[in-house]
Amino acid sequence: MKKLFLTLVAMFFLGLGSVFSQTANDTIAVEKNKYYYHGLQIESMRQIKSLVANDELALKEVKKAAVTNGFSYVFSYLGGFALGWEVVDLIRGNLNPYILAGGVGLAAVGIGLGYLANSQLKQGVAIYNANLGATSYGGSIQLDFGLVPGGVGLTLSF
């Protein structure tokens, strides 16, 4: 009977190491505006969306970043087109300063929106990393020894 009890206690403590399904290895690392998951670089916004799909707050922020990034591309491409058009006109000898100013303005707005999208994406990833191991109620699960009505016992806090 004593061997069975010691075996059960040993198995219990060995099982405590695998209580959480998400660990620190599941985090998304950010280094110089590049995102890594398990050491592999994440190439697209779609991959980040699929990784954070279980976390509603993080997914909401990543979706906002995707929309802002789309607008950034539109403004940047329009601004670049207008600037390129005016460079060709400058080579020909007839420059329209209004189109040039509009192109510079559109490109500046595109760059600003790109910066905002990157900030939103970083915030979404930070929310995802902060919520790893959290329950559906938003708190983390803790398994520990503590005081119970009959003395000292195992407590599960969530």
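Small disclaimer: the values here were computed from a predicted structure and weren't measured.

A. Molecular detail of helix H3 (residues 56–92). With 37 residues, H3 ought to run about 54 Å at 1.5 Å a step, and its terminal C-alpha atoms sit 54 Å apart, in line with that. Of the residues making up H3, those classed as buried are Ala58, Leu59, Glu61, Val62, Ala65, Thr68, Ser72, Gly79, Ala82, Glu86 and Asp89. Buried residues belonging to H3 abut helix H2 (45–51) and helix H4 (97–130). The N-terminus of H3 is capped by aspartate 55, whose side-chain oxygen sits 3.4 Å from the backbone nitrogen of leucine 57. In the stretch just after H3, glycine 93 is the one whose phi turns positive, near 110 degrees.

B. Examining the environment of tyrosine 98 more closely. The topology assignment puts tyrosine 98 in helix H4. Residue tyrosine 98 is classed as exposed on the basis of its relative accessible area, which comes to 70%. Taking C-alpha positions, tyrosine 98 is 9.7 Å from glutamate 86, a pair spaced 12 residues apart along the chain.

C. Just the sheet that holds strand E2 (residues 34–37), in detail. One open sheet holds the three strands; their spatial order is E1-E2-E3, and the pairing between them is antiparallel. Strands at the two margins of the open sheet, each flanked by one partner only, are strand E1 (28–31) and strand E3 (40–42). Ignoring strand direction, the axes of neighbouring strands in this sheet form an average angle of 40 degrees. Alignment of E1 against E2, held across four bridges, turns out to be antiparallel. Directly across from valine 30, in E2, lies its bridge partner tyrosine 35. Contacting E1 and E2, H4 crosses the sheet at an angle of about 145 degrees to E1.

D. The arrangement of the pattern of salt bridges in detail. On inspection of all chains with the given rule, the structure shows two salt bridges. Among the salt bridges present, the one from lysine 64 reaches glutamate 61, with a minimum N-O distance of 3.5 Å. With lysine 64 and glutamate 61 both in helix H3 and three residues apart, this pair spans about one turn of that helix. Overall, glutamate 61 belongs to the buried group, its relative accessible area being 10%. Between aspartate 89 and arginine 92 there is a salt bridge whose closest N-O contact spans 3.9 Å. On the criterion of helical spacing, the pair formed by aspartate 89 and arginine 92 is a turn pair, its members being three residues apart in helix H3. Residue classification places arginine 92 among the exposed residues on the basis of a relative accessible area of 62%.

E. Examining unusual backbone geometry more closely. With a phi close to 50 degrees, lysine 32 is a non-glycine residue in the positive phi region. As for its position among the elements, lysine 32 is in the loop between E1 and E2. Residue classification places lysine 32 among the exposed positions, given a relative accessible area of 81%.

Cut-off values and rules
Residues numbered from 1 in each chain as written. Predicted model: local features only at pLDDT ≥ 70, side-chain atom pairs only at ≥ 80, totals over all residues. Heavy atoms only, no water. Helix = DSSP H or I, 4+ residues; strand = E, 2+ residues; numbered from the N terminus. Expected span 1.5 Å × (residues − 1). Buried < 20%, exposed > 50% of the residue type's maximum accessible area, 1.4 Å probe, protein only. Contact = heavy atoms within 4.5 Å. Polar contact = N/O pair within 3.5 Å; in protein donor to acceptor, adjacent residues only side chain to side chain. Pairing = 2+ DSSP bridges. Axes fitted to C-alpha atoms, helices over the stretch in contact; angles between N-to-C directions. Salt bridge = Lys/Arg side-chain N within 4 Å of Asp/Glu carboxyl O.

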